[in-house]
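# An overview of the molecular structure
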Amino acid sequence: MNHTKSGDSRHPFPFHAIEGKGTYLIFNFIDISLFKVDPNTYELFSQLIEGRTIEDLLSKNSYDEMQGIFRIINHESSGALKSQFSQECCLALDKLVLNVSNTCNLHCKYCYAAGGTYGEDRAFMDKHTATAAINYFYNIFDKINIIQFFGGEPFLNPKIIEHVCSHALDVAGKVPKFSIVSNGTIISPAIIQILSEYDIRATISIDGPKYINDQLRGKGTSGRIFRNISCLKKNNIDVSVESTFTGYHLNNGIKVSDLMKFFYKKFDIRFAHMPSVAASQEDDLHLDQSDLLNIYSEAMEYSLDSLSSDDYKVDSYTLRLIMALIQKNSIGLYCPAGVTSLSVSTKGDIYPCFMFIGKKEFRLGNVLEEKIDLSQLSYVSNLLKRVNKWTDCECSNCWAISLCFGCLGGDYLTTGSTDGRPNCNFMRQFLENFLLKFAESINDPVVLSRMISICQ
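Residues numbered from 1 in each chain as written. Predicted model: local features only at pLDDT ≥ 70, side-chain atom pairs only at ≥ 80, totals over all residues. Heavy atoms only, no water.

## Concerning the overall build of the protein chain
Along the protein chain, the regular secondary structure elements total 17 helices and 14 strands. Taken over C-alpha atoms, the radius of gyration comes to 23 Å for the protein chain, in line with the 23 Å a tight globule of 456 residues would show. Seen through its C-alpha atoms, the protein chain measures out along the principal axes to roughly 75 × 50 × 45 Å. Each of the 456 residues in the protein chain was classed as buried or not, and the buried ones make up 54%. Across the protein chain, contacts joining residues at least 24 apart in sequence account for 67% of those joining residues at least 6 apart. Within the structure as shown, the protein chain displays about 20,500 Å² of accessible surface, and the carbon and sulfur contribution to it stands at 50%. Here the protein chain contributes 44 positive and 51 negative side-chain charges, whose respective centroids are spaced 5 Å apart. (Helix = DSSP H or I, 4+ residues; strand = E, 2+ residues; numbered from the N terminus. Rg over C-alpha atoms; globule rule 2.2 N^0.38 Å. Buried < 20%, exposed > 50% of the residue type's maximum accessible area, 1.4 Å probe, protein only. Contact = heavy atoms within 4.5 Å. Areas by Shrake-Rupley, 256 points an atom, 1.4 Å probe, with all protein chains shown as cover. Lys, Arg positive; Asp, Glu negative; His and termini not counted. Charge placed at Lys NZ, Arg CZ, Asp CG, Glu CD.)

Structure below.
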């Protein structure tokens, strides 16, 4: 078990002390700097965190004994926090998600979207709505970094995908990147042509080997998905995979690291996004906090260990934290929903995130309407107020503020509220485990070099 002590981010001593397995760390959670120290420096620094003064410690310890403390306190700030917020405040939307299909050809067991309908009528986004969506957001933002196609199953509506790409390129001063999230069961020469022509990155949802995937996503789906991923890669389409990790995986002896090995061996895919299922405690697929910590800590350690070899594989959570530490960039938002990411339903309704589509209390407006209901905008903004960790009272007092992240939609589905933070304890313990393993891993020059390389 790790032993930790923290200062308060509202006060000028933003440090957190971590000890585990004979390793002693001091983490500056504003500067995002990590220091490995000796036991004596760790103990003295812990006393500072608990409220003792430098003068008090100097009266009882020699200057030489205090050198480690002075080195850390006087470490020059990287300015990462300032840089992060200057990026977020520019007039740009990081991601616009277009829900081009309100229907799906699968019935996944854990689907939060009622089989892709989001509790609404089955429908496809039409050309008029798609055009209006692009025009609407380019009238507000100077640029949109990513336009993502979503569903339901978006490949059920390929003509609108093609139209959006063409129209966005006509409208945008700077070419956006395009991406799509698909179940991977519907691939044709025409779809491959669209993906290739507009350089659309495809994320395919697949939950692991056949005996796992077929149970969760439908009997017979695995063969089609496997063949289609291979086909996409053969046609030089940029392909990644996303897997929802569930209690079914755990009960069948499958770990996140096992999925990483499977995706690399089967498809030569090194990086995979494997979030945990958003399910209530009564659901058979639910994972409790202790399971989550063990599963994702093991995957993190496997990821960092694998970086010493040429066949390395890294899960998305670990990759995100590596980038934060190497680049010294704070993870500014708990979740991008409604701040740097927005979603549009098939009929043009605007939501903070696709996970809120169909939930009228989160509706921000419609791309076919000229005016936004300011009272509704204010109401939704209040629901999302905790997204910004730096202005949230609870978050701003936590040492994990610069590295933690979560999913507002997942929180809502799990707890029925956007105000709670059900995974805070898990995240703090996971981050401590990560920092201890990271400090060990960067001693290997091969691993450090590879970390720097994958962050570029």
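Past the structure itself, the notes keep going.
## Remarks on the pairing of strand β9 (residues 239-242)
The sheet contact formed by strand β8 (residues 200-205) and β9 spans four bridges and is parallel. When the sheet's bridge partners are listed, Ile204 is paired in β9 with Val241. Pairing between β9 and strand β10 (residues 271-273): two bridges, direction parallel. Each residue of the ladder has a partner; that of Glu242, found in β10, is His273. (Pairing = 2+ DSSP bridges.)

## A closer look at the pattern of salt bridges
Within this structure, the stated rule accounts for 16 salt bridges. Of the charged contacts in the structure, one is a salt bridge between Arg52 and Asp56, with a shortest N-O distance of 2.8 Å. In this structure Arg52 comes out as partly exposed when scored by relative accessible area, which is 29%. A relative accessible area of 26% means that Asp56 is categorised as partly exposed. As a salt-bridge pair, Lys347 and Glu120 come within 3.8 Å of each other at their nearest N and O atoms. Here the residue Lys347 occupies a position in the loop between β12 (341-344) and β13 (349-351), and Glu120 occupies one in the loop between β5 (92-99) and α5 (127-140), the gap between them amounting to 227 residues. Each of the salt bridges in this network shares a partner with another, and the network as a whole consists of Glu120, Lys347 and Lys360. (Salt bridge = Lys/Arg side-chain N within 4 Å of Asp/Glu carboxyl O.)

## Section: the state of the cysteines
Considering all chains together, one arrives at zero disulfides under this definition. We note that Cys111 lacks a disulfide partner, and the nearest cysteine sulfur, in Cys108, lies 6.3 Å from it. Judged by its relative accessible area of 34%, Cys111 is partly exposed. Distance from the sulfur of Cys353, which forms no disulfide, to the nearest cysteine sulfur (Cys407) is 6.1 Å. Classification of Cys353 by relative accessible area gives buried; the value is 13%. (Disulfide = S-S within 2.5 Å.)

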